[in-house]
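# What the coordinates show
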Amino acid sequence: MKFYKYHAIGNDYIIIDPNDVKQLTPEKIIQICHRNYGIGSDGILFGPFYNPVSDFSVKIYNPDGSEAEKSGNGLRIFSRYLYDRNLVNNKPFTIHTEGGIVESRILDDGYIVTVDMGIVSFESTLIPVIGASREVINETMEIDGQLLTYCAASIGNPHCVVLCDEVKEEEVRKLGPIIEVDERFPNRINVQFMKIVDEFNIIIKIWERGAGYTLASGSSSSAAAAVAYKLGLCRSKIAVHMPGGTIDIEISEDFSIIMSGPVTKVAEGMISEDIFK
């Protein structure tokens, strides 16, 4: 089975072409993504597929075998992969995901990729969050004895942004998995712990649904920046700083998001069938 591996500021994905394998079962996905018994990654991008409403289509799988609706870093990586395979050039092109269609553009010979991520919504029924229909802004929840203030958002996949004075990795690892499966989020949720630095910069650390603690995330950056802008704490152009690096987010008045960041090719090769025995 042929594979390609890329990372976007530490968030790494394996790409597998459907022409190279008939089916990816959850068991195979888990094995391939395992960092000791497989290649190791934060997920698999399975594509491209034909889609009548876009130029390309891709399926995004988490390392636990579940399917994700959208991934900002995954989409930048997949865009760079298409460019490296000479399937696209520097003109804009569209990619269909379960979380909606995005438009990508390749810059700097593939080292920078810009993605129009779509519109962020804070509406509870779209995220989803249980309870009456509302914008989920500055609500509170008690997790492991701590009272947390959070906002929830969707950009095709669900996010819970927790406001913090300081962002500590140990807190993210402790509270993130509890929040991910909290009953108020029926589809589980991605969690960002966010500190406002100034009106142009925020810091986040991420617990990603189905993947765990993650060095960087494009959709998390989009959601957190949108929350900071919604609350009036930041301007419309925001640098999102994460352990893996920085992503630049530009927010329009309708909360549509343009995300820009680097992509690095790591390797390509063959996955042995031995790992599935």
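Just so it is clear, the structure is predicted and the values come from calculations on it, not from any experiment.

### As for the pattern of salt bridges
This model, assessed by the stated rule, comprises 18 salt bridges. Close ionic contact of arginine 35 with aspartate 12 constitutes a salt bridge, the shortest N to O distance being 2.8 Å. Pair noted here: arginine 35 is in the loop between helix H1 (26-33) and strand S3 (44-49) and aspartate 12 is in strand S2 (residues 11-16), with a separation of 23 residues, a long-range link. You can call arginine 35 partly exposed: its relative accessible area is 49%. A residue is classified by how much of its surface remains accessible, and aspartate 12, at 8% relative accessible area, is buried. One salt bridge in this structure joins glutamate 67 and lysine 59, with 3.8 Å as the shortest N-O distance. You can call lysine 59 partly exposed: its relative accessible area is 28%. One connected set of salt bridges, linked through shared partners, spans Lys5, Asp12, Arg35 and Asp42.

### Quick notes on the packing of aromatic side chains
What the rule picks out here adds up to eight aromatic pairs. Seen from their ring centres, phenylalanine 56 and phenylalanine 93 are 6.1 Å apart, and the 90 degrees between their planes marks the pair as edge-to-face. With phenylalanine 56 in strand S4 (residues 56-61) and phenylalanine 93 in strand S6 (residues 93-97), this residue pair connects regions lying 37 residues apart in the sequence. The exposure class assigned to phenylalanine 93 is buried, which follows from its relative accessible area of 4%. Summarising the aromatic geometry, the rings of tyrosine 150 and phenylalanine 185 are spaced 6.2 Å apart at their centres and angled 85 degrees between planes, so their arrangement reads as edge-to-face. One end of the pair, tyrosine 150, is in strand S10 (residues 146-154); the other, phenylalanine 185, is in the loop between helix H3 (169-180) and strand S12 (190-198), and 35 residues separate them in sequence. Of the residues examined, tyrosine 150 reaches a relative accessible area of 1% and is grouped as buried. Assessed through its relative accessible area of 2%, phenylalanine 185 is described here as buried.

### Considering the side chain of asparagine 201
Within the secondary structure layout, asparagine 201 lies in strand S13 (residues 201-208). Within the local environment of asparagine 201, its side chain forms a polar contact with the side chain of histidine 241, the two groups lying 2.7 Å apart.

### Section: unusual backbone geometry
It is generally the case that most residues other than glycine have a negative phi and that most peptide bonds are trans. Cis peptide bonds are those with omega within 30 degrees of zero, and the linkage from glycine 47 to proline 48 qualifies with 10 degrees. Looking at the secondary structure, you find proline 48 in strand S3. Residue isoleucine 127 is joined to proline 128 through a cis peptide bond whose omega torsion reads -10 degrees. For proline 128, the location among the structural elements is in the loop between strand S8 (112-119) and strand S9 (139-143). Positive phi outside glycine occurs at asparagine 86, with the angle close to 60 degrees. Position of asparagine 86 among the secondary structure elements: in the loop between helix H2 (72-84) and S6. Positive phi, normally seen in glycine, also occurs at aspartate 108, with a value near 50 degrees.

What counts and what doesn't
- Residues numbered from 1 in each chain as written.
- Predicted model: local features only at pLDDT ≥ 70, side-chain atom pairs only at ≥ 80, totals over all residues.
- Heavy atoms only, no water.
- Salt bridge = Lys/Arg side-chain N within 4 Å of Asp/Glu carboxyl O.
- Helix = DSSP H or I, 4+ residues; strand = E, 2+ residues; numbered from the N terminus.
- Buried < 20%, exposed > 50% of the residue type's maximum accessible area, 1.4 Å probe, protein only.
- Phe/Tyr/Trp six-rings, centres within 6.5 Å; stacked < 30°, edge-to-face > 60°.
- Polar contact = N/O pair within 3.5 Å; in protein donor to acceptor, adjacent residues only side chain to side chain.

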